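Summary of structural features
So you can see what is in the structure, the chains are spelled out below.
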Amino acid sequence: MKRYCFLLIALCCPFAFLSSQLIYEVSGNAAKGKSYILATDRMVDMQFLDTIPNVFAYFGRCDKVITEFTMQDYEAINALRLAALLPDSVRLNNFYSEDEYRYIDQSLLLTLQMGLAQLCRMKPSYLTEMYRTELFRQWLNYDDSRSMESFFEAVAAEKDIPVIGLDNVGETMYMIFDRETFHHQCKDLLHAVQYPEQEVNLERNIMNMYRQGLLTDISYLVTSPDNTSSLSYSDYQVYARRNATWVKRLAPYLKEGKAFITLNCMYLGGDKGLLAQLRAAGYKVKPANRAAIAK
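Residues numbered from 1 in each chain as written. Predicted model: local features only at pLDDT ≥ 70, side-chain atom pairs only at ≥ 80, totals over all residues. Heavy atoms only, no water.

**Quick look at the pairing of strand β3 (residues 64-67)**
Residues in a regular strand point their side chains to alternate faces of the sheet. For clarity, the cut-off: With a 1.4 Å probe rolled over the protein chains alone, any residue whose accessible area is under 20% of its type maximum counts as buried; one over 50% counts as exposed, and the rest are partly exposed. Helix and strand definitions follow DSSP, with helices as H or I runs of at least four residues and strands as E runs of at least two, each counted in order from the N terminus. Any two strands with at least two DSSP bridges between them are considered paired.
Judged by which residues are buried, β3 turns out to be covered on both faces: Lys64 and Ile66 on one side and Val65 and Thr67 on the other are all buried. By the bridge criterion, 4 bridges tie β3 to strand β5 (residues 259-264) in an arrangement that is parallel. Opposite Lys64, over in β5, you have Ala259 as the bridge partner. Examined bridge by bridge, β3 and strand β4 (residues 163-165) share 3 bridges and lie parallel to one another. What sits directly across from Thr67, in β4, is Gly165.

**Structural notes on the sheet that holds strand β6 (residues 284-287)**
The test is simple: For helices, the axis comes from a line fit to the C-alpha atoms of the stretch in contact; other axes are also lines fit to C-alpha atoms, and the angle between any two N-to-C directions lies between 0 and 180 degrees. Here, two residues are considered to be in contact whenever any of their heavy atoms come within 4.5 Å of each other.
Pairing within the open sheet is mixed, and its 6 strands lie in the order β4-β3-β5-β2-β1-β6. In this open sheet, the two strands that pair with only one neighbour each are β4 and β6. Each strand of the sheet is rotated relative to its neighbour by a mean of 25°, with strand direction disregarded. The sheet strands contacting helix α8 (residues 151-158) are β2 (35-40), β3, β4 and β5, and the helix crosses β3 at an angle near 145°.

**Examining the packing of helix α7 (residues 124-140) against helix α10 (residues 182-194)**
As a reminder of what qualifies: Relative orientations are named as follows: roughly parallel for angles under 35 degrees, roughly antiparallel for angles over 145 degrees, roughly perpendicular for angles from 65 to 115 degrees, and oblique for any other angle. The sense of a crossing depends on the near helix, which, turned anticlockwise from the far helix by less than a right angle, makes the crossing left-handed and, turned clockwise, makes it right-handed. Three categories are distinguished: nonpolar for Ala, Val, Leu, Ile, Met, Phe, Trp, Tyr, Cys and Pro, charged for Asp, Glu, Lys and Arg, and polar for the others, with Gly belonging to the last.
The contact between α7 and α10 brings their axes to 8 Å, and the two run at 25°. When the interaxial angle is binned, α7 and α10 end up roughly parallel. Considering only the axes of α7 and α10, their crossing is left-handed. Only Phe182, Gln185, Cys186, Asp188, Leu189, Ala192 and Val193 of α10 make contact with α7, whose side of the interface consists of Pro124, Ser125, Leu127, Thr128 and Tyr131. Grouping the amino acids of the contact of α7 with α10 by side-chain chemistry returns 8 nonpolar, 3 polar and 1 charged.

So this is what it looks like as structure tokens:
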């Protein structure tokens, strides 16, 4: 009878089961208390948080928020804007044929209402991200003002709860603008404007997997040879190396306990994801609502 009751609850409330795989409890390694890791997806509206069981209760138990980069640091944001600029000695048109340069210009103009006349001083990685973001607004109804990704950081700032970034400004600039070689950045930009549907389809698939709590599947999707978008296997390798650094940086906060950690879903799942690396370091990591669901 209990088994049938559980199945009935799962069928009636599908998101209650699946969304439970999006928040994880971290303990062990002499931690004084429990901490929590919430997987996020910038494409998902903050309203989706209501489907994640007890997420606000877990947030209320914590006394600090830890994220990738503290977006409330306006000096850092200004530094990022400056880092998006090409060096004076570099001209973007030197890295493309005339036809390729013209095609990129027309594609940016059509999508962003700005072409290379206005944007040629920007790094190709920045142009690719601008282009992709606008594609997502137009094709997937992405609204950055409604994104769940920065929700808890904003709430923490309002409540004077400390917000801690795992990366400093220099590291963030590297991850956004320089994790790929310049030649690779140029190829990514050209490919993105030539095949925008690949960018949109990957992001749509990630979003759908995220809503189902399939973090490991997301890592497989990004690293698959079938993925030919600008977000590639080489990017994931960079994330994996950074995860190893993050485990060390998280150690003092996890030892204190009561940390609420919000990170993009792409960083968490898979053999080299942050969850696996935390387990390898001796932490006990489990879905936060597993016990509640089992009952």
